[in-house]
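Coordinate inspection notes
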Amino acid sequence: MSHSDETPSSIPSPEWHPQAPRQRVAHRSHRFSTLCAVVIIYLAAAYMVVPLAWKRFERRHPATMNVSRVTVTGDHHPGDPINVALIGSEQALKNAMLAAGWFVADPLGLESDLKIAADTVLDRPYKTAPVSNLFLWGHREDVAFEQPVGDSPGRRHHVRFWKSEQVDIAGRPAWVGSATYDDSVGVSHTTGQITHHIDGNVDAERDHLMETLKHAGKLNQIQAVSNFHQIREGRNGGGDLWHTDGRLLTATLSSRD
């Protein structure tokens, strides 16, 4: 028989498998699931993870990432620990501190030294009594503030601030500070000189400072940086013990008057 005499039924047809449609459906379902997963990951990253990370980056001022954790005295002994950082202009810092009930400390000098000695003995208030110099980034504090407690200048809340050369993405410096509470006037355990002695709970003074500023409505974007201090206790230049939970409290200062 010739090829032309073959019937159509004798021509081979493609083999049909009952499972083929199911495999195609499963493949499409897998592709759809993968696409949905990609879209969900993108949305989560773009609208949740990245914004949160960006906000955290903005709040952590670059100056607080490589600063020394403890100040030093003029004769290179360890001083008081760093525990606060406020971000903003000098005017914003002064406006905030004054609004929160703090006073700018007088500079050191013979006149102020004699006054604080006399006022301590006579229990007379001295709201702007000077503070001893401590050093960070190679220079003494740029400004210091205090709050008197009672009538004697021997007891007071006080904080020293150093202005950073580094600025954040908005061009603002950080005012890195050491807040401590003076509970008495006495003789330094290391030098024998007359000095204030601090309370060892420096965290309480850190928290007090931030609470007064918060109450005055002068803080934005408050953040606690955990494990800022790896070494969590020590002695300052006067030989006073201090201890901390290791956190640095930072905040952006309000620009409102």
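Residues numbered from 1 in each chain as written. Predicted model: local features only at pLDDT ≥ 70, side-chain atom pairs only at ≥ 80, totals over all residues. Heavy atoms only, no water.

Quick notes on the pairing of strand 2 (residues 78-81)
Where strand 1 (residues 70-72) meets strand 2, 2 bridges bridge the pair, whose relative direction is antiparallel. Bridged to Val70 within strand 2 is Pro81. Between strand 1 and strand 2, which pair antiparallel in sequence order, lie 5 residues; one of them, His76, sits at a positive phi of approximately 70°. (Pairing = 2+ DSSP bridges. Helix = DSSP H or I, 4+ residues; strand = E, 2+ residues; numbered from the N terminus.)

Quick word on helix 2 (residues 90-99)
Those residues of helix 2 not exposed but buried are Ala92, Leu93, Ala96 and Met97. Projected down its long axis, helix 2 shows its buried positions confined to an angular sector of 125°, all on one face. (Buried < 20%, exposed > 50% of the residue type's maximum accessible area, 1.4 Å probe, protein only. Arc of directions from axis to C-beta.)

Section: the packing of aromatic side chains
Tallied over the full model, the rule gives 1 aromatic pair. Seen from their ring centres, Phe145 and Phe161 are 6.2 Å apart, and the 70° between their planes marks the pair as edge-to-face. Taken together, the residues Phe145 in strand 7 (residues 143-148) and Phe161 in strand 8 (residues 156-167) connect sequence positions 16 residues apart. Pair check on accessibility: Phe145 and Phe161 agree, each one buried. The lysine or arginine in question, Arg69, covers the ring of Phe228, its NZ or CZ lying 3.9 Å from the ring centre. (Phe/Tyr/Trp six-rings, centres within 6.5 Å; stacked < 30°, edge-to-face > 60°. Lys NZ or Arg CZ within 6 Å of the ring centre and 35° of its normal.)

As for the side chain of Asp168
Summarising the element assignment, Asp168 is placed in the loop between strand 8 and strand 9 (173-187). With relative accessibility at 8%, the residue Asp168 sits in the buried group. At a separation of 2.8 Å, a polar atom in the side chain of Asp168 contacts the main-chain amide nitrogen of Arg172. When sequence neighbours within four positions are dropped, the list of residues in contact with Asp168 reads His61, Pro62 and Ile87. (Polar contact = N/O pair within 3.5 Å; in protein donor to acceptor, adjacent residues only side chain to side chain. Contact = heavy atoms within 4.5 Å.)

A short note on unusual backbone geometry
In this structure, Trp137 takes a positive phi of about 55° despite not being glycine. With respect to the helices, strands and loops of the structure, Trp137 is situated in the loop between strand 5 (135-136) and strand 6 (139-140). The class of Trp137 is partly exposed, set by a relative accessible area of 36%. At Gln221, a position not held by glycine, the phi torsion is positive, near 50°. Relative to the helices and strands, Gln221 is located in strand 11 (residues 219-225).

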